[in-house]
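Geometric and topological summary
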Amino acid sequence: MNSYSDSFNGVFPSVCSLDCPDQCGLLVHKKDGKIVKIEGDPSHPVTKGNICNKVRNMPARLYDEKRLQYPLKRIGAKGEGRFKRISWKEAIDSITSRWKDLIKEEGPESILPYSFYGNMGRLNAEGMDRRFFHKLGASCLDRTICQSAGTVGYSYTMGGSFGIDPEDTIHSKLIIFWGINAVSTNMHQVVLAQKARKSGAKIVVIDVHKNQTGKMADWFIPITPGTDTALALGIMHILFSENMVDEHFLEKYTVGHEDLREHVVPYDPVTVSGITGVPVEDIYTLARMYGKTSPSFIRIGNGLQHHDNGGMCIRTISCLPALTGQWVVQGGGAIKGNSGYLALNTTELQRPDLLENKNTRTINMNQIGHALLELEMPIKSMFVYGTNPAVVAPEGNKVRKGLQREDLFLVVHDLFLTETAKYADIVLPAASSYENTDLYSSYWHHYMQIQQPVMEAYGESKSNVEVFRLLAERMGFDEPAFQETEAEMIEKALDFPNNPNIKEISYHSLVKNQYIKANVKPIFPGKLPTPSGKIELYSQKMKDAGYPPLPTYIPLEDEAGFPFLLVPAPNHNFLNSTFSNNERHVKLEKEPRLHINKKDADAAGIIDGEMVHVWNERGECELKAAVGELVLPGVAVTQGLWADAPGTSQLVNSLTPDRLSDMGGGAVFFSGRVNIEKSKSYSKI
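Given the structure is predicted, the values throughout are model-derived calculations rather than measurements.

So, how was this worked out
- Starting afresh in each chain, residues are numbered from 1 along the sequence in its written order.
- For a predicted model such as this one, the threshold for reporting local features is a pLDDT of at least 70, and the threshold for listing and counting side-chain atom pairs is 80 or more; totals across whole chains, interfaces and linings nevertheless cover every residue.
- The side-chain values count all of the structure's non-hydrogen atoms but skip hydrogen atoms and water molecules.
- Simply put, an axis is a line fit to the C-alpha atoms, just over the touching stretch for a helix, and the angle between two N-to-C directions goes from 0 to 180 degrees.
- Only DSSP runs of H or I covering at least 4 residues are called helices, and only runs of E covering at least 2 are called strands; the numbering of each starts at the N terminus.
- Should an angle fall under 35 degrees it is called roughly parallel, over 145 degrees roughly antiparallel, and 65 to 115 degrees roughly perpendicular, with every other angle called oblique.
- Each crossing is labelled by how the near helix is turned from the far one, with a counterclockwise turn of less than a right angle marking it left-handed and a clockwise turn marking it right-handed.
- Should any heavy atoms of two residues lie within 4.5 Å, those residues are counted as being in contact.
- Three residue categories are used. Nonpolar comprises Ala, Val, Leu, Ile, Met, Phe, Trp, Tyr, Cys and Pro, charged comprises Asp, Glu, Lys and Arg, and polar comprises the others, including Gly.
- The aromatic pairing rule takes the rings of Phe, Tyr and Trp, using the six-membered ring of Trp, and pairs them if the centres are within 6.5 Å, calling planes under 30 degrees apart stacked, those over 60 edge-to-face and the rest tilted.
- Only protein chains enter the area calculation, which uses a 1.4 Å probe; residues under 20% of their type maximum are buried, those over 50% are exposed, and those in between are partly exposed.
- Lysine NZ or arginine CZ positioned within 6 Å of the ring centre and within 35 degrees of the ring normal marks a charge as sitting over the ring.
- Any two strands with at least two DSSP-identified bridges between them are counted as paired.
- UniProt positions are given in the numbering used here, feature names are shortened, and annotations may be inferred rather than shown by experiment.
- Those domain boundaries reflect an automatic or database domain assignment.
- When two parts are put together, the accessible area they lose, computed with a 1.4 Å probe and summed over both, is reported as buried area.
- Salt bridge, as used here: a side-chain nitrogen of Lys or Arg that lies within 4 Å of a carboxyl oxygen of Asp or Glu.
- Whenever a nitrogen or oxygen atom comes within 3.5 Å of another N or O atom, the pair is scored as a polar contact, on the condition that within protein one atom can donate a hydrogen and the other can accept it, and that pairs from neighbouring residues in sequence are kept only if both atoms are in side chains.

Notes on the packing of helix α10 (residues 228-241) against helix α13 (residues 269-276)
- At a minimum axis distance of 9 Å, the contact between α10 and α13 shows a crossing angle of 165°. Between α10 and α13, the angle falls in the class roughly antiparallel. Between α10 and α13 lies a crossing of left-handed hand. Contacts between α10 and α13 involve A230, L231, G234, H237 and I238 on the former and, on the latter, P269, V272, I275 and T276.
- Across the contact of α10 with α13, the residue classes tally to six nonpolar, three polar and no charged.

This is the structure in structure tokens:
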């Protein structure tokens, strides 16, 4: 059991647990034993005291009267949200009793864990839970909803998740935010970019929507969704043809540059302009700016990979810094992610050896609707934690229909009675990160951090680690792995000779210092973990896997009959569906809106502020139109995953496809098409 600070008053160090690259250092203020304020830690070397509204308003979430305080058992129909209070003993007994019967009757693969990173703490997100379900023999979950396509694509070029140190980007002279609304999703990279701009740097934003990041840029370049690969290839065409490449770097640190030089000849600016919607003159200007400015830095966004061609898109953009030799210049290079520098001993953390049947089936989380409704060997029980698939997963109507199955024994562990929890048979109250001990490793900056409890458990809430210990005990699992303390789990995760970057980081050093920077050496000179040890512009590994070995533009899958590409992007005050149930955050965002171009609106007779009907063969929504010039014609952008409030129809993932990306089994949220018309059931508000 975790202990928390018994000081009723004071300021205590903490770390943000949200799924965000910044992973801010925090200071928690307590009065009379209660958290009354959360602010940024000004001593943190990267985040330096600046935090977002989501975290600033966190105390209201922690003590929200709607927060779950004790276990619940369903007494109404699935989805109705009627429950009665039960004890933890009854809850654990009910779960394990049903699972023992299912294992006997259907086999352990009839049970599926379904989770993601609602809490980025490594122990609670991928520690004791993995151990438990491995031992149980449950179906494995392929957790690919976020960044798997881009991770695979980037790895083909660079060998892993390795970019420049974001702290070095203050030295950049050209900063390209490519497919990332960094103001809302990576705010400290914006702070660093603003600092570089004061020293003369230019900021360029390439995106499908002129969002907050686009509005702060020196130059915003709108692009047709899913065509970024073509733009990158067009830039390469000009770099080679106008001799703006670093021949010495290419010879010394890359393979395949001569093949690439010939390969990009057909991607001339006129051709690329026809694909991307970016004017020919702008393609030349961008390429020359990139070719002649050093150091230049590309912040590669998360949204780009949520297309059918997402893996290839990231693979292609990641080749650009090599062409101009940016990797050996301070402030030059790119960041897709930096998690490779902070890699843990996941074998010790997750204990895959506990899974006896190595042929256990794996289910892709993006296709959970299909899995719940159509698998030949059906899922009979699902344990959901750290995510809210009823709102977050693609093909939402399928997902909710699957969750409504009477023969599906559903358990949900969460802080709130989410849309998914309303379908549950048993609901368990989750502890917040501020109630736990956990280890945090950023996927952007190079710091590891520790969280120790700063508040007592809210009601009868328990952490994931605690819950899976209880389940293991009741299932009769007596392996030492299920008795380890959080401190022991952290020590084993950090004991990883294969990653010398974290050699000096331990549980005790983190307790003493709160955060420690990994000892990361410059990428070059040195070898990358690619087959050649170099940047692979030509990848034999890709060819062997059935992909084009050179960066290649492949159009999105055609969804005939639906003229608008729909991009359901994040908003500023929610994080996926997190915070969408909080009145303050909803007020800040006001309402869900669908951004469409004025030309499209005029053609359909749609006026700004009118409700519009958005639909395809998967589902439908009713949203308020935001008419203007913030998106290109043929593009529709909505922001945030809003709760389906009474009298509304705004679950945008009812419209998104559940097919998988070209690499990594990733989600393709941004590759769906829709039709849009004036709503017949709503009047202008």
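There's plenty left to go through after this.
Observations concerning the environment of I676
- Following the sequence through the fold, I676 ends up in strand β27 (residues 672-678).
- In this structure, I676 is in contact with F564, L594, I596, I606, V612, H613, V614, W615 and A636, ignoring residues within four places of it in sequence.

Looking at the packing of aromatic side chains
- Summed over the entire model, instances satisfying the criterion amount to 21 aromatic pairs.
- Ring centres of F383 and F468 lie 5.2 Å apart, and the angle between their planes is 50°; on these two criteria the pair is classed as tilted. Of this pair, F383 sits in strand β15 (residues 381-385) while F468 sits in helix α21 (residues 464-475), and the two are 85 residues apart along the sequence. Like F383, the residue F468 is buried in the burial classification.
- Ring centres of Y385 and F468 lie 5.3 Å apart, and the angle between their planes is 65°; this geometry places the pair in the edge-to-face category. Residue Y385 is located in strand β15, and its partner F468 is located in helix α21; the two are separated by 83 residues in the primary sequence. For the pair Y385 and F468, a shared accessibility class is recorded, and that class is buried.
- Put simply, the rings of W99, F132, F133, F383, Y385, F468, F477 and F482 touch in pairs and so form one group of aromatic residues.
- One Lys or Arg, R61, reaches over the ring of F579 and ends 5.2 Å from the middle of that ring.
- Residue placement shows K462 over the ring face of W88; its charged tip is 5.3 Å from the ring centre.

Remarks on the sheet that holds β15
- Across the sheet, six strands lie side by side as β5-β4-β17-β16-β15-β6; this open sheet has mixed pairing. At either margin of the open sheet sits one strand with a lone partner, and together these are β5 (83-85) and β6 (111-115). The average angle at which neighbouring strand axes cross in this sheet is 20°, direction not considered.
- As judged from the five bridges shared by β15 and strand β16 (residues 409-414), these two strands associate in the parallel manner. Within the sheet, the bridge partner assigned to Y385 lies in β16 and is H413.
- The strands that helix α3 (residues 88-105) touches are β4 (72-74), β6, β15, β16 and β17 (426-429); relative to β17, the one it contacts most, it runs at about 130°.
- Of the strands in this sheet, β15, β16 and β17 are in contact with α21, which crosses β15 at around 150°.

A short note on the packing of α10 against helix α14 (residues 280-292)
- Where α10 contacts α14, the two axes come as close as 9 Å, and the packing angle between them is 65°. α14 is crossed by α10, and the crossing has right-handed handedness. Contact residues: L231, I235, I238 and L239 in α10; I283, Y284, L286, A287, Y290 and G291 in α14.
- Partitioned by chemical class, the residues of the contact of α10 with α14 number nine nonpolar, one polar and no charged.

Focus on the UniProt feature "domain: 4Fe-4S Mo/W bis-MGD-type" (unreviewed entry) in the protein chain
- Mapped onto this numbering, the UniProt entry gives "domain: 4Fe-4S Mo/W bis-MGD-type" (unreviewed entry) at residues 9-66.
- Across residues 9-66, helical content stands at 16% and strand content at 34%; the span's end C-alpha atoms are separated by 25 Å.

What about the domain arrangement of the protein chain?
- Its domain assignment divides the protein chain into domain 1 (4-63), domain 2 (72-145 + 342-517), domain 3 (164-336) and domain 4 (564-678).
- Taken together, the contact between domain 1 and domain 2 spans 31 residues of the former and 26 residues of the latter.
- Both faces considered, domain 1 and domain 2 share a buried interface measuring about 2500 Å² in area, 59% of it formed by carbon and sulfur atoms.
- Linking domain 1 to domain 2 there are zero salt bridges.
- Our count for the contact surface shared by domain 1 and domain 2 stands at 15 residue pairs in polar contact (both at pLDDT 80 or more).
- Elements with a contribution of two residues or more to the side of domain 1 that touches domain 2: β1 (10-15), β2 (25-31), β3 (34-40) and α2 (58-62).
- Looking at side-chain class alone, the side of domain 1 that touches domain 2 contains 19 nonpolar, seven polar and five charged residues.

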